[in-house]
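Residue-level listing of the chains:
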Amino acid sequence: SSSSGDAALRDRRARLQSRGLPRQKPIEGVKQVVVLASGKGGVGKSTTAVNIALALAANDSTKEVGLLDADIYGPSIPKMMNLKGNPELTPKNLMRPLKNYGIACMSMGFLIEETAPVVWRGLMVMSAVEKLLRQVDWGQLDYLVIDMPPGTGDVQLSVSQNIPIAGAVIVSTPQDVALLDAHKGAEMFRKVHVPVLGLVQNMSVFQCPKCKHETHIFGSDGVRDLAKTLGLDILGDIPLHVNIRETCDSGQPVVISQPQSDA
């Protein structure tokens, strides 16, 4: 019958489409993976990733949390988490993450000099990502937060297709040019069947420390409007605040150094 023929055609098409795609394999010892992504750079994604990892640990002290910096060209987790040095190797030749504030961290920044540029072609970058995913001894983690590089390129696709991901969080400012790329980021995760947990609106409002007047430097509700368009939740609305920037730059993120502050 035509219906059985259609079903056979769909089945064959699905097999053809899946051919050549890597099979997802969990990271040993890791229960849940959450990725932090943005379409555009400079929207505070790494700052948000660091503080989310610290918040997950602070909210439940029984949970073990790790943080993986998948931004090969511009790793910022070492500075934000106040970590330096090279990872030790286990007897199985796996890298041991460096640890601070109770968070196990791994980054390309631990493997190269701080000021050394990574002048690599795509294949070398993909090889490095594979090593960061598969050649690290995470122990037993309840959550692994992955700070993705900006954009929708090879690294994002490789991570999304190689490991099971519990969900993605998209970070954006309310600015129109950032929202365009955030929209693309959300659609990319949908295409590779990664659930998008929601959006974080960063740098949403600036309050003058002297007169307390509030200014929406990058716009007011752009991320909220995008969330409505995509049918997603707003997970957080983070102000443009000097304390958030200063604490991350000094390696003492605001969640750990000023947990009672408004920021």
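Whatever comes next refers back to the structure up there.
Residues numbered from 1 in each chain as written. Predicted model: local features only at pLDDT ≥ 70, side-chain atom pairs only at ≥ 80, totals over all residues. Heavy atoms only, no water.

Student: How should unusual backbone geometry be read in this particular structure?
Tutor: For residues other than glycine, phi is negative in most cases, and the peptide bonds are mostly trans. Even without being glycine, Tyr-101 reaches a positive phi, approximately 55 degrees. Relative to the helices and strands, Tyr-101 resides in the loop between β3 (98–100) and β4 (103–107). Relative accessible area serves as the criterion here: at 27%, Tyr-101 is assigned to the partly exposed category. Even without being a glycine, Met-203 presents a positive backbone phi close to 55 degrees. With respect to the element layout, Met-203 can be found in the loop between β7 (196–201) and β8 (206–207). Owing to a relative accessible area of 17%, Met-203 belongs among the buried residues under this scheme. (Helix = DSSP H or I, 4+ residues; strand = E, 2+ residues; numbered from the N terminus. Buried < 20%, exposed > 50% of the residue type's maximum accessible area, 1.4 Å probe, protein only.)

Student: Teacher, can you tell me more about the packing of helix α6 (residues 176–191) against helix α7 (residues 222–230) here?
Tutor: Packed helices, taken two at a time, are described by the angle between their axes plus the distance between the axes. Two elements in contact, α6 and α7, have axes whose closest approach is 11 Å; the angle formed by their N-to-C orientations is 30 degrees. With respect to α7, the axis of α6 lies roughly parallel. Our pair here, α6 against α7, has a crossing hand that is right-handed. Listed contacts from α7 to Leu-179, Ala-182, His-183, Ala-186, Glu-187 and Arg-190 of α6 are Gly-222, Val-223, Leu-226, Thr-229 and Leu-230. Taken together, the residues of the contact of α6 with α7 break down into six nonpolar, three polar and two charged. (Axes fitted to C-alpha atoms, helices over the stretch in contact; angles between N-to-C directions. Parallel < 35°, antiparallel > 145°, perpendicular 65-115°, else oblique. Left-handed = near helix turned anticlockwise from the far one by under 90°. Contact = heavy atoms within 4.5 Å. Nonpolar A, V, L, I, M, F, W, Y, C, P; charged D, E, K, R; others polar.)

Student: Which parts of the structure should I look at to understand the pattern of salt bridges?
Tutor: Charged atoms that come close allow side chains of opposite charge to pair. All chains considered together, the criterion is met by 12 salt bridges. Between Lys-31 and Asp-142 there is a salt bridge, and its shortest N-O distance comes to 3.4 Å. With Lys-31 in strand β1 (residues 30–37) and Asp-142 in strand β5 (residues 141–147), the pair connects residues that are 111 residues apart, well separated along the chain. The class of Lys-31 is exposed, set by a relative accessible area of 63%. Accessibility expressed as a relative area gives 13% for Asp-142, which makes it buried. In this structure, Glu-88 engages Arg-96 in a salt bridge whose closest nitrogen and oxygen atoms are separated by 3.8 Å. A network of salt bridges, in which partner residues are shared, links Lys-40, Asp-181 and Lys-184. (Salt bridge = Lys/Arg side-chain N within 4 Å of Asp/Glu carboxyl O.)

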